[in-house]
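# A look at the structure
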Amino acid sequence: MTVQENVRKPLDLLSDALGAEMEAVNALIRDRMASQHAPRIPEVTAHLIEAGGKRLRPMLTLAAARMLDYAGPYHIHLAATVEFIHTATLLHDDVVDESRQRRGRPTANLLWDNKSSVLVGDYLFARSFQLMVEPGNLRTLEILSNASATIAEGEVLQLTAAQDLATDESVYLQVVRGKTAALFSAATEVGGVIAGAPDDQVRALFDYGDALGISFQIVDDLLDYGGATETIGKNVGDDFRERKLTLPVIKAVAKASPDERAFWSRTIEAGDQREGDLEHALTLLARHGAMEAARRDALDHAARAKAALAVLPAHSIRDMLADLADFVVSRVA
């Protein structure tokens, strides 16, 4: 498996098509992350939000609304809500994972402290709920609030599942659907709901976001073992060092000999990691074809995402969303 770098065209095209609306989302984010009494809030928030992230999740909301000819203003609020929820979870994740790098820059918890990251994350969650109420649409409120709860549930499940060799692929998918895919599917679904789309199209948007999110996370797990630091914005092997039982490792453990299982138990379950262990882990992943098997799973979910688009109206944005599913998996080939 090789990493394909700088393959950004589909994402760039989507960004260009939605440029004016994304500017409105960014302006709303800057306005709502302000705090009259606690200047640390915009300092910490700006460090992460303005770090050059792709804004993929809010773009999905805008894309769904545009594809379905929505003419109102509230897709901007919903897209900003999605980005606030995402940013809040990143702040909390970096504290939980004791991460030191995010998007190629020092994490907020490293530059400030854990307390600031947690409390600012809480503030952004609160702001997201203020934003999601403003459209006055009970269904979008239900979708986004449920997604927020699902994300938190997925993160808690990962705390126990990620370091337990008994974790299988079904539990892994449950974690991924919680911590990653839930926000992708909510982002696309609310774009359809605010546009007044029929139920079959709203369901298709949910299915697209769900499958895209799963594919995205599997690829992210693969890149942790095979990407360049400057490409993935974190250090290669972070998941191994943080003892996360991601899909490639789960596949290798399923085929492990007793000696190999003892290695995974020592490094992942017990956290006893020594010099050369990451290299040995990579050897075991290669021995059992775990990376390629995980890549095939990512391709399957990307194909499912593209298939979901079939019931949606013909539109240039729909084509871009199909290309986006291909782009997600093109990073590993």
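Just above sits the structure.
What you see is a predicted model; the values in this text were computed from it and never measured. (Residues numbered from 1 in each chain as written. Predicted model: local features only at pLDDT ≥ 70, side-chain atom pairs only at ≥ 80, totals over all residues. Heavy atoms only, no water.)

### A closer look at the pattern of salt bridges
Short version of the rule: What makes a salt bridge here is a side-chain nitrogen of Lys or Arg within 4 Å of a carboxyl oxygen of Asp or Glu, nothing more. By the criteria applied, helices consist of DSSP H or I runs no shorter than four residues and strands consist of E runs no shorter than two, each listed in order from the N terminus. For the exposure calls, accessible area comes from a 1.4 Å probe over protein chains only, and a residue counts as buried if that area is under 20% of its type's maximum, exposed if over 50%, partly exposed in between.
Per the stated rule, a full pass over the model turns up 17 salt bridges. Residue glutamate 134 pairs with arginine 32 through a salt bridge whose shortest N-O separation is 2.7 Å. Here glutamate 134, found in the loop between helix H7 (114–133) and helix H8 (138–161), pairs with arginine 32, found in helix H2 (residues 19–32); they are 102 residues apart in sequence, far enough to count as distant. Glutamate 134 gets classed as partly exposed once you look at its relative accessible area, which sits at 33%. Classification of arginine 32 as buried rests on a relative accessible area of 18%. A salt bridge links lysine 244 to glutamate 242, with the nearest nitrogen and oxygen atoms 3.4 Å apart. Among the ionic contacts, a cluster of salt bridges with common partners joins Asp31, Arg32 and Glu134.

### Quick notes on the packing of aromatic side chains
Applicable threshold: Stacked, tilted and edge-to-face are the three classes applied to pairs of Phe, Tyr and Trp rings, where Trp contributes its six-membered ring and a pair requires centres within 6.5 Å; stacked means planes under 30 degrees apart, edge-to-face means over 60, and tilted covers the rest. A ring is considered to have a charge above it if a Lys NZ or an Arg CZ atom is located within 6 Å of its centre and within 35 degrees of its normal.
Here the structure, examined in full by the defined rule, presents 3 aromatic pairs. Here phenylalanine 263 and tryptophan 264 contribute two aromatic rings whose centre-to-centre distance is 5.2 Å and whose plane-to-plane angle is 65 degrees, an arrangement assigned as edge-to-face. Phenylalanine 263 gets classed as buried once you look at its relative accessible area, which sits at 7%. Clustering of aromatic rings is evident, with ring pairs tying together Phe240, Phe263 and Trp264. The ring of phenylalanine 216 carries the charged tip of arginine 57 above its face, separated from the ring centre by 5.5 Å. Of note, arginine 331 hangs over the ring of phenylalanine 216, and the distance from its end group to the ring centre comes to 5.2 Å.

### Re the environment of glycine 213
Threshold: A contact between two residues is defined here by any heavy atoms of the two lying within 4.5 Å.
Position of glycine 213 relative to the elements: it lies in helix H10 (residues 199–226). Counting along the chain gives 31 residues from glycine 213 to alanine 182, while the straight-line C-alpha distance between them is 7.6 Å. What glycine 213 contacts, discounting residues up to four positions off in sequence, is Val176, Thr180, Ala181 and Phe184.

### Description of helix H17 (residues 316–330)
Quick reminder of the rule: Every helix has an expected span of 1.5 Å times one less than the residues it contains.
Between its terminal C-alpha atoms H17 stretches 21 Å, which fits the 21 Å expected from 15 residues at 1.5 Å a residue. Considered for burial, the residues of H17 that qualify are Ile317, Met320, Leu321, Ala322, Leu324, Ala325, Phe327, Val328 and Val329. Packing partners of the buried residues in H17 comprise helix H1 (9–17), helix H4 (56–67), H10 and helix H16 (290–308).

Structural measurements only, silent on function.
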